[in-house]
There are 4 protein chains.
Amino acid sequence: MTIDQLDPTPLWVQLAAIIRDRIKAGDYAPRQPLPSESQMQQEFGIARGTVRRAMRALAEEGWTVTVQGRGSFVAPQESWPKDA
Amino acid sequence: MTIDQLDPTPLWVQLAAIIRDRIKAGDYAPRQPLPSESQMQQEFGIARGTVRRAMRALAEEGWTVTVQGRGSFVAPQESWPKDA
Amino acid sequence: MTIDQLDPTPLWVQLAAIIRDRIKAGDYAPRQPLPSESQMQQEFGIARGTVRRAMRALAEEGWTVTVQGRGSFVAPQESWPKDA
Amino acid sequence: MTIDQLDPTPLWVQLAAIIRDRIKAGDYAPRQPLPSESQMQQEFGIARGTVRRAMRALAEEGWTVTVQGRGSFVAPQESWPKDA
DNA sequence: GTGGTCTAGACCACT
DNA sequence: GTGGTCTAGACCACA
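Below, the structure is looked at part by part. Just so you know, these numbers come straight off a predicted model, no measurement behind them.

## Describing the pairing of strand 2 (residues 71–74) of chain C
Residues and elements named next belong to chain C. Where strand 1 (residues 64–67) lies against strand 2, four bridges are found, and the strand directions are antiparallel. Considered in strand 2, the bridge of Val 67 is made with Gly 71. What sits between strand 1 and strand 2 in their antiparallel hairpin is a turn of three residues, with Gly 69 showing a positive phi close to 85 degrees.

## Focus on the side chain of Gln14(C)
Looking at where Gln14(C) falls in the secondary structure, it is placed in helix 1 (residues 11–25). Ignoring sequence-local partners within four residues, the contact set of Gln14(C) consists of Thr2(C), Ile3(C), Asp4(C), Asp7(C) and Thr9(C).

## A short note on the nonpolar core
In terms of nonpolar packing, the biggest core is built from 22 residues, with Leu15(B), Ile19(B), Ile23(B), Leu34(B), Met40(B) and Phe44(B) touching the most fellow members. Of all elements in the fold, only helix 1 (11–25), helix 2 (37–44) and helix 3 (48–61) of chain B reach the threshold of two or more residues within this core. Ranked by the residues each element gives to this core, the list is headed by helix 1 of chain B, at seven residues. Leave out the neighbours within four places in its chain, and Leu15(B) touches Ile3(B), Phe44(B), Ile46(B), Val51(B) and Ala54(B). One finds Ile19(C), Ile46(C), Val74(C) and Trp80(C) within the second-largest nonpolar core, a separate group that totals 20 residues.

## A few points about helix 1 of chain B
Residue pairs spaced three or four apart in an α-helix point in one direction, given the helix's 3.6 residues per turn. All names here are of chain B. End to end, helix 1 covers 21 Å across 15 residues, agreeing with the expected 21 Å (1.5 Å per residue, within 8%). Of all 15 residues in helix 1, eleven are buried; the element is thus mostly enclosed. Regarding helix 1, the residues found buried are Trp 12, Val 13, Gln 14, Leu 15, Ala 16, Ala 17, Ile 18, Ile 19, Arg 20, Arg 22 and Ile 23.

## Here we look at the packing of helix 1 of chain C against helix 2 (residues 37–44) of chain C
All names here are of chain C. Axis separation between helix 1 and helix 2 bottoms out at 13 Å; the angle between their running directions is 110 degrees. Compared by their axis directions, helix 1 and helix 2 come out roughly perpendicular. Taking contact as the criterion, the partners of Leu 15, Ile 18, Ile 19 and Arg 22 in helix 1 are, on helix 2, Met 40, Glu 43 and Phe 44.

## Topic: the interface of chain C and chain D
Listed by partner, the interface residues are eight residues for chain C and six residues for chain D. A combined buried area of about 530 Å² lies between chain C and chain D, and 58% of that area is made up of carbon and sulfur atoms. Of all residues in chain C, Gln5(C), Leu6(C) and Pro8(C) bury the most surface against chain D, accounting for 82% of the area lost on that side. Joining chain C to chain D, the criterion identifies one salt bridge. Counted by class, the side of chain C that touches chain D contains four nonpolar, two polar and two charged residues.

## Remarks on the environment of Ile23(D)
Residue and element names in this part refer to chain D. The residue Ile 23 is located in helix 1 (residues 11–25) in this model. According to the relative accessible area criterion, Ile 23 is buried, its value standing at 1%. Spatially, the C-alpha atoms of Ile 23 and Ala 75 are 9.5 Å apart, while their sequence positions differ by 52 residues. Once residues within four sequence positions are removed from consideration, Ile 23 is found in contact with Tyr 28, Trp 63, Thr 64, Val 74 and Trp 80.

## Let's talk about the protein's contact with DNA strand F
Taken together, 29 residues are adjacent to DNA strand F, and Arg48(A), Gly49(B), Leu11(C), Thr50(C) and Gly69(D) come closest. Of what DNA strand F places within 4 Å of the protein, 71% of the atoms are sugar or phosphate. Contacts to DNA strand F include Gly69(A), whose backbone N or O atom sits 3.3 Å from a base nitrogen. Within the backbone of Ala47(C), one N or O atom sits 3.0 Å away from a phosphate oxygen of DNA strand F. Counting residues per element, the ones that place at least two in the surface near DNA strand F are helix 2 (37–44), helix 3 (48–61), strand 1 (64–67) and strand 2 (71–74) of chain A, helix 3 of chain B together with helix 1 and helix 3 (48–61) of chain C. Here the surface near DNA strand F is built from residues that sort into seven nonpolar, 14 polar and eight charged.

Analysis parameters
- For every chain, the first residue of the written sequence is number 1, and numbering continues from 1 along that sequence.
- By the order in which they are written, chains take letters starting at A while ligands take numbers starting at 1.
- Residue-level local features of this predicted model are given only where pLDDT is at least 70; pairs of side-chain atoms are given and counted only at 80 or more, and the full residue set underlies all totals for whole chains, interfaces and linings.
- To obtain the side-chain values, all non-hydrogen atoms of the structure were used and water was disregarded.
- When DSSP locates at least two bridges between a pair of strands, those strands are taken to pair.
- Helix and strand assignments come from DSSP, with helices taken as H or I runs of at least 4 residues and strands as E runs of at least 2, each series counted from the N terminus.
- Here, residues are in contact when the closest pair of their heavy atoms is within 4.5 Å.
- The definition of a nonpolar core used throughout is a set of buried Ala, Val, Leu, Ile, Met, Phe, Trp, Tyr and Cys residues joined through side-chain atoms within 4.5 Å.
- Using a 1.4 Å probe on the protein chains alone, a residue whose accessible area is under 20% of its type maximum counts as buried, one over 50% counts as exposed, and one in between counts as partly exposed.
- Take the residue count of a helix, subtract one, and multiply by 1.5 Å to get its expected span.
- Angles run from 0 to 180 degrees between N-to-C directions of axes, and those axes are lines fitted to C-alpha atoms, restricted for helices to the stretch in contact.
- Here the word oblique covers every angle except those under 35 degrees (roughly parallel), over 145 (roughly antiparallel) and from 65 to 115 (roughly perpendicular).
- Summed over both partners, the accessible surface that disappears when two parts come together, traced with a 1.4 Å probe, is what is meant by buried area.
- Here a salt bridge means any side-chain nitrogen of Lys or Arg lying within 4 Å of a carboxyl oxygen belonging to Asp or Glu.
- Residue type decides the class: Asp, Glu, Lys and Arg count as charged, Ala, Val, Leu, Ile, Met, Phe, Trp, Tyr, Cys and Pro as nonpolar, and the leftover types, Gly among them, as polar.
- Whether a residue is near a molecule or strand depends on its heavy atoms: it is near if one of them lies within 4 Å of it.
- We call two N or O atoms a polar contact when they sit within 3.5 Å, provided that within protein one can donate a hydrogen and the other can accept it, with sequence-adjacent residues counted only if both atoms are side-chain atoms.

Spelled out as structure tokens, the structure:
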């Protein structure tokens with residue numbers, strides 16, 4: 001899955017969906033670090049602010065935990081949304 | 001085909017699809033100029049910025065080439081996307 | 001109350017607090033429109049993105065309702081946070 | 001005044017003294033931003049950590065106020081040290 | 001006019 | 001190196 005600039009869905013929504021799917025699929029394991037913001041910025045060819053907005057959405061949903069100076073991590077599975 | 005203001009798809013996406021189809025159909029031949037931005041603006045009854053965004057998308061896909069001060073042209077067929 | 005650039009509190013938090021207080025005080029009445037984003041931008045001398053972040057926070061708390069193309073409004077009092 | 005690499009006085013002490021003198025002299029006005037850390041780094045040819053240590057000293061003395069994400073500012077004159 | 005999205009860049013604290 | 005904040009500007013749909 002990838003970002004589609006022609007898709008009217010906001011890019012940050014698309015990115016959040018991609019990362020969410022990877023977490024569900026186990027590509028990113030609980031308590032393990034996610035790629036850094038700048039890595040995602042490069043991988044998907046979008047601005048850092050867009051990456052940050054996607055990450056904030058995931059954190060608010062309970063999928064991830066963000067720590068200043070260290071990075072974002074997959075949340076422990078207990079705190080995942082129940083409709084997952 | 002025409003622009004549908006009630007369709008939630010962004011207008012520039014709709015316009016890009018229309019132009020793309022015309023190129024595929026041969027209505028606009030390779031290396032020939034496309035209608036000017038202001039012509040499209042009138043033909044479809046949309047804002048010039050919308051036209052520009054559609055043209056930019058087509059150029060990024062490889063369908064068109066934009067030359068400052070002269071206009072946009074249908075790209076040589078070799079550079080068209082392969083999934084076309 | 002006003003924005004203090006020397007206060008380490010993020011500007012958007014300061015702005016949200018100001019607007020929240022004005023709503024509580026009745027300066028902005030329920031169902032009435034708030035100043036536009038550009039008006040706040042000028043009144044407080046901050047960037048529009050900062051204004052938007054403050055407005056989003058207030059909307060998430062239930063103080064305001066934002067409608068694209070029309071503006072932000074004070075929410076009906078029933079939906080205000082209970083700890084207010 | 002300038003940094004003297006041969007002076008046994010720590011570089012951050014020297015730098016802090018320079019900035020402190022500029023504030024007293026009015027070269028940097030109250031509530032106005034100081035040069036960024038990277039600017040000082042270049043102007044004086046020293047490491048960024050050295051700049052940060054000097055700035056921290058000035059902030060602790062009450063000469064400056066540092067705000068995350070925004071920069072360092074000259075403190076309001078009321079909060080300056082009295083033995084100045 | 002309004003708010004919504006995205007970009008690019010700067011600067012900071014923290015590890 | 002990481003994430004956190006702020007700025008400035010562009011462009012869009014919407015009303």
